[in-house]
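Spelled out, the chains give:
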Amino acid sequence: MRLSKKVLCGFLCMTLVFLCTVSVWATSAEDWAERWDDAVSDYAVISMTPGADDSQMRFAWLEKIGQPAAFRCGIDEALSDADAVPVCSVLTVTGQKRCSVTVTGLRENTVYYYMYKRNGSWSGVYSFRTGGAELTALFVSDSQLGRSGDWRKKDVLLHDTTGWDTTLREAVRQYPDISLCLSAGDQAEIGASERQYRLLLAPDVLRGIPIATTIGNHEFYFPLLDLHFAQPNRFGGSVIHSLGDEPYYFVKQDVLFIVLDSNDPLAWDHEAVIEKAVRACPDARWRVVMMHHSLYSCENSEEKGPRLRTSLTPILQKYGINLVLSGHTHRFSRSKSIDGITYLEGGCCSGCNCRACPDVLPSYTDYAYPQKNPVYSVLHFGKDAITTESYAVENGESVRIDAGSVALRVREDPTPQMSVFTKTVQSVLSVFGRIVSMLFV
Ligand SMILES: [Fe+2]
């Protein structure tokens, strides 16, 4: 009983810290208009991304050349106990210094505080809470800031940024235990727009929850995703390299996440990433793939998704994938279980360009959203099932539109592997691919 009270007290304290943080967040277009100049000029806004596993968290920010870079992290809010974490700095093609940090040795269910040196001064103190035994994650797609009109105009970016922020706040208000944000691509409308990435990172929710981004078709041609986010376990062995970023993988609370670049049409490349991730983390209970294009969209047009479906679906089945998260169409849908895999198509989370599902749905679709509102999903990874709860944001409030469940299935062991011959050919081609991509930088 005494122990239960202590646990309850700890939980209440952590909730209080969280709510205190929430209370200072911007809440409307008027709030964003007020902080607009700061947000668009904030060249050193920091990103927090998941580490390779639960014991790590990663951070990245851009800094002017010549300015010092420093980072501190600890469990005391005053950061008096904080360790100085080594900062890795590299020069960028955009003429800045890209700073990145990996914090290691994190404990579960613990609040950590951090701050970083930017433009010669220390930032404010931010906090994040590590997760517990089971993961609750937010899933969004196509925030695509700038998509609602002329992306150069302030009112367009203001509209999309406010929508993006509202969705994030609504999700964490409803589910305070969210400890990861999964974004299935097209984070920005213009992949070369530094301003759009600054606004993407501006919501205060992202100071406390790590975001795992995916390279969309609007972002493959310029390395801003790569510069702004320090993803773990990046895979550089693909034959086709997008300039925007690389595939990567990580484990969070018994879930292996594999993030693919679906701009790359080669199934070979995707299998190489999946195989490496599964071999590195064979014991994760759940395996989730995130990619931008939807393999089983409610739209079912003859775009890239259905073309990749033929080559990629057998690979997903071969490696025991449970859930595939995607976006691209700006329509929300959830598939039936297809040979044990559920496909969740994320819609548009910012309200920049939401689309309704078609009148006639494919036979594989279990649910599709018929209206044009921003959508987000909350995924809970339990022992026996993944539950998905999806919401539309109507007039700033969440309305539940769908709930689904993905059952655990028995996997074949050992995990299948690519042949040595295939790997060798791919490695040779990868070197050529890397050289070709460097010519464009
Ligand atoms: Fe998009």
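Above this text you will find the structure in question.
Residues numbered from 1 in each chain as written. Predicted model: local features only at pLDDT ≥ 70, side-chain atom pairs only at ≥ 80, totals over all residues.

Description of the overall build of the protein chain
Then, in step 1: In terms of regular secondary structure, the protein chain is built from 10 helices and 22 strands.
Then, in step 2: Taking all 441 residues of the protein chain together, the buried fraction comes to 50%.
Then, in step 3: Looking at the protein chain alone, contacts between residues at least 24 apart form 69% of all its contacts between residues at least 6 apart. (Helix = DSSP H or I, 4+ residues; strand = E, 2+ residues; numbered from the N terminus. Buried ≥ 20, exposed ≤ 12 C-beta atoms within 10 Å, placed from the backbone. Contact = placed C-beta atoms within 7 Å.)

Let's talk about the environment of Y364
Then, in step 1: One can find Y364 in the loop between β18 (342–346) and β19 (365–368).
Then, in step 2: Y364 gets classed as partly exposed once you count the C-beta atoms within 10 Å, which come to 16.
Then, in step 3: Distance from Y364 to K336, taken between C-alpha atoms, is 5.6 Å for residues 28 residues apart in sequence.
Then, in step 4: When near neighbours in sequence (up to four residues on either side) are disregarded, Y364 contacts Y296, S335, K336 and I338.

Focus: the environment of E412
Then, in step 1: Counting through the fold element by element, E412 comes out in the loop between β22 (397–407) and α10 (420–439).
Then, in step 2: Residues E412 and G320, 92 residues apart in the sequence, show an inter-C-alpha distance of 7.8 Å.

Observations regarding the sheet that holds strand β13 (residues 248–252)
Then, in step 1: Read across the sheet, seven strands follow the order β13-β14-β15-β16-β18-β17-β19 without closing on themselves; strand pairing throughout is mixed. The sheet is open, and its two borders are formed by β13 and β19, each paired with just one other strand. Averaged over all neighbouring strand pairs, the angle between strand axes comes to 15 degrees, with direction disregarded.
Then, in step 2: Contacting β13, β14 (255–259) and β15 (286–290), helix α8 (residues 267–280) crosses the sheet at an angle of about 160 degrees to β14. (Pairing = 2+ DSSP bridges. Axes fitted to C-alpha atoms, helices over the stretch in contact; angles between N-to-C directions.)

Points about α8
Then, in step 1: Taking 1.5 Å per residue, 14 residues should reach 20 Å; α8 reaches 20 Å between its end C-alpha atoms and fits that length.
Then, in step 2: Counting buried positions along α8 gives 10 out of 14 residues, so the element sits mostly inside the fold.
Then, in step 3: For α8, the full list of buried residues reads W268, D269, H270, E271, A272, V273, I274, E275, A277 and V278. (Expected span 1.5 Å × (residues − 1).)

By themselves, these observations are geometric and do not establish any function.
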